[in-house]
Amino acid sequence: MASNTRERAGKSKDIIREDGKTFFEFTDRVTAFDGLKEDEYLHKGEVCCRMSVYWFEIMGQEGIPTHFRSFVPPNRIEVTYLEIIPIEVICRNYVAGSLLQRYGRGEEPGAGIEPRLGARIPDGIIEFTTKFEERDRPIGEEEILGNGWLTREELDQIREYTRRVNEIMSGHLLEKGIILADFKIEFGKNASGEILLADEVGTPDGCRFWIRDSYDAGRIESLDKDVYRYDEGDVSDAYSRIQKRICG
Ligand code: 5GP
């Protein structure tokens, strides 16, 4: 007999198992600061779902394997069932967020990086954080390998996919007048052990999007979750503006 279940997959999505199929449902929940701040915004789930579909299709065309199978409007995707790799991968092109905080606490910036909000990071950086701990914690390659979470080859593959996702998204976004300051992605392994891009991609929940004209004029204008994190205005409006700007 088929068993249908629903559970939380991260803070803003539910994972649904229905008749042997797996679905991600993007909810209207939004959280920040490791769950300390929590709200709901109408249609936020649909916006993030449609934007993820947009990017998953592009990534597939570009040869990056993903868990995306099909769009079930308005706010669900059918996905390949994966064993999720317990790390989050963060790619940064500009200084912001927790990186800036770490500099404020005394961490030495890497070569050529200015410890200032909005400073460009030459060549970008890729970092890892834990996924299943109460607070996301930066984690080094040695710990990931030492825990047996990934082999060296798998870690290199993840770095390469992340670098390509960054190139693809940054290129598309620049044409639309948006700077991709940073983003977070996740990966999983399918039944054959292959690594696939998982979770969601290219949404205002998991990326920092800055309006290029404002940046060039010396001002950071965000169209992403920072509007929610720092009470910078109308969250629903920011999410629907970035959706229109990117997906048309
Ligand atoms: P930071 O580490 O600076 O707070 O975040 C870096 C990037 O990763 C930002 O684009 C941020 O939105 C994204 N990010 C960090 N943690 C999470 C998370 O738990 N969920 C999602 N969806 N994105 C995250």
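Residues numbered from 1 in each chain as written. Predicted model: local features only at pLDDT ≥ 70, side-chain atom pairs only at ≥ 80, totals over all residues. Heavy atoms only, no water.

**Quick word on the overall build of the protein**
Right, on to step 1. A tally of helices and strands in the protein yields seven helices and 13 strands.
Right, on to step 2. Computed over its C-alpha atoms, the radius of gyration of the protein comes to 18 Å, within 12% of the 18 Å expected for a compact globule of 248 residues.
Right, on to step 3. Along the first, second and third principal axes, the C-alpha atoms of the protein reach 60 × 45 × 35 Å.
Right, on to step 4. The buried share of the protein, taken over its 248 residues, is 51%.
Right, on to step 5. In the protein, once contacts between residues fewer than 6 apart in sequence are set aside, the share between residues at least 24 apart is 58%.
Right, on to step 6. Split by element, the accessible area of the protein, about 12,200 Å² in all, is 46% carbon and sulfur. (Helix = DSSP H or I, 4+ residues; strand = E, 2+ residues; numbered from the N terminus. Rg over C-alpha atoms; globule rule 2.2 N^0.38 Å. Buried < 20%, exposed > 50% of the residue type's maximum accessible area, 1.4 Å probe, protein only. Contact = heavy atoms within 4.5 Å. Areas by Shrake-Rupley, 256 points an atom, 1.4 Å probe, with all protein chains shown as cover.)

**Looking at the domain arrangement of the protein**
Right, on to step 1. We note that the domain assignment places domain 1 (4-79) and domain 2 (85-234) within the protein.
Right, on to step 2. A separation of 19 Å is found between the C-alpha centroids of domain 1 and domain 2.
Right, on to step 3. Tallying the contact residues gives 27 residues for domain 1 and 28 residues for domain 2.
Right, on to step 4. Broken down residue by residue, the surface that domain 1 buries against domain 2 is led by Asp 34, Trp 55 and Ile 64, which jointly contribute 23%.
Right, on to step 5. For the pair domain 1 and domain 2, the number of links is four salt bridges.
Right, on to step 6. Put simply, Lys 37 and Asp 231 hold a salt bridge, and the shortest N to O gap is 2.9 Å.
Right, on to step 7. Where domain 1 packs against domain 2, one counts 17 residue pairs in polar contact (both at pLDDT 80 or more).
Right, on to step 8. Going through the elements one at a time, β3 (21-26), β4 (29-32), β5 (37-40) and α1 (44-61) are the ones with two or more residues in the side of domain 1 that touches domain 2. (Domains from an automatic or database assignment. Buried area = accessible area lost by both parts, 1.4 Å probe. Salt bridge = Lys/Arg side-chain N within 4 Å of Asp/Glu carboxyl O. Polar contact = N/O pair within 3.5 Å; in protein donor to acceptor, adjacent residues only side chain to side chain.)

**Section: the packing of aromatic side chains**
Right, on to step 1. This model, assessed by the stated rule, comprises eight aromatic pairs.
Right, on to step 2. With 6.0 Å between their ring centres and 15° between their planes, Trp 210 and Tyr 215 make a pair best called stacked.
Right, on to step 3. Accessibility expressed as a relative area gives 1% for Trp 210, which makes it buried.
Right, on to step 4. The residue whose ring lies beneath Arg 17 is Tyr 81, and the NZ or CZ to ring-centre distance is 4.3 Å.
Right, on to step 5. Geometry around Tyr 228 places Lys 37 over its ring, the cationic atom sitting 4.4 Å from the centre. (Phe/Tyr/Trp six-rings, centres within 6.5 Å; stacked < 30°, edge-to-face > 60°. Lys NZ or Arg CZ within 6 Å of the ring centre and 35° of its normal.)

**Considering helix α2 (residues 97-104)**
Right, on to step 1. Here α2 has its buried residues at Gly 97, Leu 99, Arg 102 and Tyr 103.
Right, on to step 2. Packing partners of the buried residues in α2 comprise β9 (87-94), β10 (120-130) and β13 (207-211).

**So, unusual backbone geometry**
Right, on to step 1. Residue Pro 73 is joined to Pro 74 through a cis peptide bond whose omega torsion reads 5°.
Right, on to step 2. Mapped onto the secondary structure, Pro 74 falls in the loop between β6 (68-72) and β7 (76-79).
Right, on to step 3. The backbone phi angle of Asp 199 is positive, close to 55°, even though this residue is not glycine.
Right, on to step 4. As for its position among the elements, Asp 199 is in the loop between β12 (195-198) and β13.
Right, on to step 5. The backbone of Asp 231 sits at a positive phi, close to 50°, despite the residue not being glycine.
Right, on to step 6. Its place among the elements puts Asp 231 in the loop between α6 (226-229) and α7 (235-247).

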